[in-house]
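Coordinates in review
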Amino acid sequence: MNKLYLWGIIIAIAMLGATYVTVGYQKGGLNGDIVNMLAVAGAVALVIITIFVVIKYVRQMQVDQASGELADESWDNIGEYKNELPMGWALMFLGTMVWGMWYFLAGYPVNAYSQIGEYNEDVAAHDAKFEKEYASITGSRLVEMGESVYLVECVACHGLNADGNNEVDAADLNARVSEKTVKYVVNHGSNNKLLGTEMPMPDRNGLFNAETGALITDKEIDEVAAFVAGGLKDTNSAGAKVFAGVCSSCHGPDGKGMEYVAPDIATWSQPLIVNVLNNGKVGTIGKMPAMDRLNSKQKEAVAAYVISLTQGE
Amino acid sequence: MFHWLEKHPFFFAVGVFVVIAFAGLIEIVPNFAQASRPVIGTTPYSTLEIAGRQAYIKNSCNACHSQLIRPFKSETDRYGHYSLSGEYAYDRPFLWGSKRTGPDLHRVGNYRTTEWHENHMKDPQAIVPTSIMPGYPWMFTTNADIDTAYAEQLTAAQFFGVPYNKPVPMKDGSTTVVKLGNSIAEAHAMALEEAKAVVANMKDQDVKDAVARGEIPEIVALIAYLNRLK
Amino acid sequence: MENRPLEYDYTVAKMFMLTTIVLGIVGMTIGVFIAFELAFPGLNTILGSGLAEYTNFSRLRPLHTDSVAFGFTVSGIFATWFYVGQRVLKVSMAESKFLMFVGKLQFWLYVIGVAAAVVTLFMGYTTSKEYAEFEWPIDIAIVIVWVLWGVSIFGLIGIRREKSLYISIWYYIATFLGVAMLYLFNNMEVPTMLATSPAGETNIGDWLHSISMYAGTNDALVQWWYGHNAVAFVFTVPIVAMIYYFLPKESGQAIYSYKLSLLSFWGLMFVYLWAGGHHLLFSTVPDWMQTMGSVFSVVLILPSWGSAINMLLTMKGEWQQVAASPLIKFMILASTFYMFSTLEGPIQAIKSVNAIAHFTDWIVGHVHDGTLGWVGFMIIAALYHMAPRVFKRELYSKSLMAAQFWIQTLGIVLYFTSMWIAGITQGMMWRAHDEFGNLAYSFIDTVDVLHPYYALRGTGGLLYLVGFFMFAYNIYKTMTAGRRVEESELQNASPMGA
Ligand code: HEM
Ligand code: HEM
Ligand SMILES: [Ca+2]
Ligand SMILES: [Ca+2]
Ligand SMILES: [Cu+2]
């Protein structure tokens, strides 16, 4: 065998090897996706076809001789043979033209294909597969699924560690609420559909301390904020007293909330997070957009993940 | 015949021209006949949004960002509903892009916010540590060119019949009117009103001060534009 | 008279050779810089944050594409035209004062146009349409330059001695007509200063600014009808014109087959224009147009390969020349890369493959195996062939040329292999869903994996640029220090120093 062909084969094998390594050990991978397979096959075919076709002609440079009848004309001493068309080339040209015409007239005539139709089928198939498979996933699997959603959808704002990007831009999800938020909410009230309804929380002009019989004071706000942000743990603190006097009527004595009245502010709760994802939230930290493109399973899962963040400790 | 053509350059050139012009006639003209009509809910750009769009173009954001969501599950999961022809009815030029060094932005207004853009445009790595997007800090100090934005709106209205000051149908059955200023001064005033709404959610004190003085930094216009991409 | 060779006048050719080299250096240096910016984003502020507006990736990218396409390549087209045209038509520019004047005028207007384009792009004036970024006054300058070139072409043809047109001339004519048609239609824009406000104010805003005549999907359609065929009529057709002259001339061989030339030419002309739809696959243009783009792209393989095969067969039996001459190596590898990218393009035009390839670096890889391997190598070869003949001196160094060839070849291989892996990896990651049916990767994950490939691509580009500097140096030394040569030494192979 000629040395050139040997080289061609070596390069082709190297190409296949490199492809195998890239596809196999890189992120991504074929995933049984026909589109991926075609792309990789295309890349491999491209290299191999080009190499062997060119080798064929290089061989002719090495062993063949120029021949044929020269045309009469010459331009700046460049002559021209009257050779016939290379047969393989001519046949393939004809072949592709026939194929092209077939494609339009018989294969896929003008309106035979709809990319949106194809999309709808793909989506339906995807949904059917995963809905069935994961309809009942719960517990740690649900948290895992939630983490996968979190890493794609939420990191951009809440950061990889879910600490809210240094707390400049988004809420720190490793704690239920920050002191800043509590103060803000008590001062300004809140109306973010955290309960899924329009139910608002009044601002400080609507917050009476049952113990003192007066509106909540600046000092009390500071105290209660520290208490709530601390996870309502320090039950002997001044804040705890304020909480019992002002907040517990709605949020419950333990801060775990009451259905239809006020949300859980002691721990993360599934419905609260889902409500935030459905409606977004505008608070003192900033604006959290509604995450409309997640489906309900994904919302449930990511909520489970967020809840898991504070349960580890 | 070909030998003859090769000796008669004029006819040769005519022949080439006919052969190359043919395809354009068949492929392009039919689409123009059914000129893309806006889908319901698509409104003409406001003055500030156009100024932002011009800033987007000036800085070739389209070199890295597409605005075309293809109908694949993986894209609609990531970016939202696939793009529709009529959504681009007021886009001159179109900004589909051809390379996604960064993510698609056609619906970025749905899942990013003013504050986020403010931080991100100033210093992308502060928000996304491994981002390779350049920062655009000068947009916070250069003012948007509202005159040119206004001229562009006028051109769109006068030459292409873009429906400013006319009710356009919205998805919920209502109508919206996008106003076009009667004069440069009015266009400025309207843009400033819009800018104030954007700036209310921003932190940068210099930008806030500038708007308070009646100036409109490019970043404000750009964010108004990004927020409208939905 | 007929026995003595004509005294051709290469004044204009020389001028455009200069801009080919200078703009090649400018464009490729920017290319290398922006390539490294993607690998090391800190470079965006290399001149400090004050100047970042002018050194960041997005402002520079159109400067790269436009200076290599409209600077380097178009200069190369003009330079070779003003050389090849005279010789195959057997008529000297010196015979017509008028054509000489038109040629020089074209050059100086071109230089002014380039300067205006560079300045405005730096300032951020762009219409955003790829390869048609220039604002309307520059469009007008370009149209004038183009018309002047047309006058040159048809003027020279009008006074030719060679009755029948050589193949290269077919391709130059097609370049002229094709670009004229495409450029005009895609640059239909309305300057916004033409509008009047209801209050009667006129001349509002920036006079340079314009908006496209077409909106949305229609605009996209015209743009990619243009964009694809700009590739055809700037990066393909005129380069084919070059190889049809320079390869047989340098090797002293006759063209393998007239019939093959003929069918490839008319086939290319007819098929190319239909294929633009492959830039709009899965977009909002009607499905049938997209299909048309895909199908014609596949058909396009054959007329493209026809020319390349014709060139390879022209070298039948001449391996010793390929082995001995780096100049011929450039051209043989150029036609190989031409075949490579014209098979790659159609593969990427298949809808299922484009679903991955579009928007990724695989396209950038395709672009550069075409432009670096085919366009770049062919223009370099053409200038190497022309240099001894226009300067009447031996080429300065053959070994330098050989070294350049290998360095640049390695550069190209690094460039496209890294971009293939980057593109296909990224494309697959974008599509991937995990076991839960959710997206497997966030966008930034898909950016992070590209870092090594971006660094590798930058290195490949740097090698190519180094080679280009070697080329510039070799030509410069040829001009100034090469051994003088006689007319008789200039029949075929270019005389070269060691
Ligand atoms: C048979 C011939 C060819 C076909 C069918 C073809 C096809 C394609 C396809 C499908 C794309 C990608 C579109 C996308 O998804 O974004 C593309 C892009 C491109 N090709 Fe080719 N190609 C061919 C030859 C060439 C050659 C020879 C060159 C240059 C020397 C070239 C230069 C380019 C450029 C510059 C782009 C990028 C356009 C952009 O900015 O998006 N092509 N081509
Ligand atoms: C020194 C060698 C070169 C390097 C390092 C280089 C680098 C680059 C880079 C980094 C990009 C941007 C890719 C992206 O957006 O991700 C690019 C785009 C491009 N370059 Fe080059 N380039 C080089 C030479 C050339 C030459 C010689 C040509 C043409 C003759 C060329 C034509 C183009 C084109 C047409 C594009 C746009 C591609 C697209 O939009 O898909 N480049 N180049
Ligand atoms: Ca592009
Ligand atoms: Ca233009
Ligand atoms: Cu194309």
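The structure under discussion appears in the preceding block.
Residues numbered from 1 in each chain as written. Chains lettered and ligands numbered in written order. Predicted model: local features only at pLDDT ≥ 70, side-chain atom pairs only at ≥ 80, totals over all residues. Heavy atoms only, no water.

This part covers the interface of chain B and chain C. On the chain C side, the residues contacting the 84 residues of chain B number 99 residues. Carbon and sulfur atoms supply 68% of the area buried between chain B and chain C, which totals about 8,000 Å² over both sides. Among the salt bridges present, the one from B:K99 reaches C:D361, with a minimum N-O distance of 2.9 Å. There are 29 residue pairs in polar contact (both at pLDDT 80 or more) connecting chain B and chain C. With 17 residues, the single largest contributor to the side of chain B that touches chain C is helix α2 (residues 9–33) of chain B. Here the residues of the side of chain B that touches chain C sort into 43 nonpolar, 26 polar and 15 charged. (Contact = heavy atoms within 4.5 Å. Buried area = accessible area lost by both parts, 1.4 Å probe. Salt bridge = Lys/Arg side-chain N within 4 Å of Asp/Glu carboxyl O. Polar contact = N/O pair within 3.5 Å; in protein donor to acceptor, adjacent residues only side chain to side chain. Helix = DSSP H or I, 4+ residues; strand = E, 2+ residues; numbered from the N terminus. Nonpolar A, V, L, I, M, F, W, Y, C, P; charged D, E, K, R; others polar.)

If you walk through the whole model with that rule in mind, you get 33 salt bridges over all chains. In this structure, the salt-bridge partner of A:R141 is C:E435, at a minimum N-O distance of 3.2 Å. Separated into two different chains, A:R141 in helix α5 (residues 139–153) and C:E435 in the loop between α15 (398–431) and α16 (443–448) make up a pair that spans both. Relative accessible area serves as the criterion here: at 44%, C:E435 is assigned to the partly exposed category. With a shortest N-O distance of 2.9 Å, B:E75 and B:R70 are connected by a salt bridge. Each member of the pair B:E75 and B:R70 is classed as buried. Connected via shared salt-bridge partners are B:R70, B:E75, B:R100 and B:D104. (Buried < 20%, exposed > 50% of the residue type's maximum accessible area, 1.4 Å probe, protein only.)

The full count for this structure, using the stated rule, is 0 disulfides over all chains. Among the cysteines around A:C157, which has no disulfide bond, A:C154 carries the closest sulfur, lying 8.4 Å off. Lacking any disulfide linkage, B:C64 is separated from the closest cysteine sulfur, that of B:C61, by 8.5 Å. (Disulfide = S-S within 2.5 Å.)

Moving on, we come to the coordination of the calcium ion (ligand 4). Residue and element names in this part refer to chain C. The calcium ion (ligand 4) binds to the protein through F134 (O), D139 (OD), D139 (OD), N187 (OD1), E189 (OE) and E189 (OE), with metal-donor distances spanning 2.3 to 3.0 Å. Given 6 donor atoms and angles of 46 to 144° at the metal, the environment of the calcium ion (ligand 4) is assigned as irregular. For the calcium ion (ligand 4), the single-chain donor residues occur in sequence as F-x4-D-x47-N-x1-E. Placement of the pair is F134 in the loop between α4 (97–123) and α5 (136–158) and N187 in the loop between α6 (167–186) and β1 (189–191), with a sequence separation of 53 residues. N187 shares its class with F134; the two are buried. (Donors = N, O, S within 2.8 Å, 3.2 Å for Na, K, Ca; no water. Tetrahedral: all angles 85-135°; square planar, octahedral: opposite > 155°, others 65-115°.)

Taken together, 25 residues are adjacent to ligand 2, and B:K99, C:R61, C:H64, C:E130 and C:H368 come closest. Residues near ligand 2 are shared among chains B and C, making this a multi-chain site. Note that an oxygen atom of ligand 2 is positioned 2.7 Å from one of the side-chain N or O atoms of C:R61. A distance of 3.4 Å separates an oxygen atom of ligand 2 from a polar atom in the side chain of C:Y131. (Near = heavy atom within 4 Å.)

What follows covers the site of ligand 1. Taken together, 28 residues sit near ligand 1, with C:E130, C:Y131, C:N354, C:H358 and C:H366 positioned nearest. Near ligand 1, the surrounding residues belong to chains B and C. The separation between an oxygen atom of ligand 1 and a polar side-chain atom of B:S98 is 3.2 Å. At 2.9 Å, a side-chain N or O of C:N354 approaches an oxygen atom of ligand 1. Of all the secondary structure elements, the ones that give two or more residues to the shell around ligand 1 are α7 (216–251), α12 (326–349) and α14 (361–391) of chain C. With 7 residues, α14(C) is the single largest residue contributor to the shell around ligand 1. Residues that form the shell around ligand 1 fall into these classes: 12 nonpolar, 15 polar and 1 charged.

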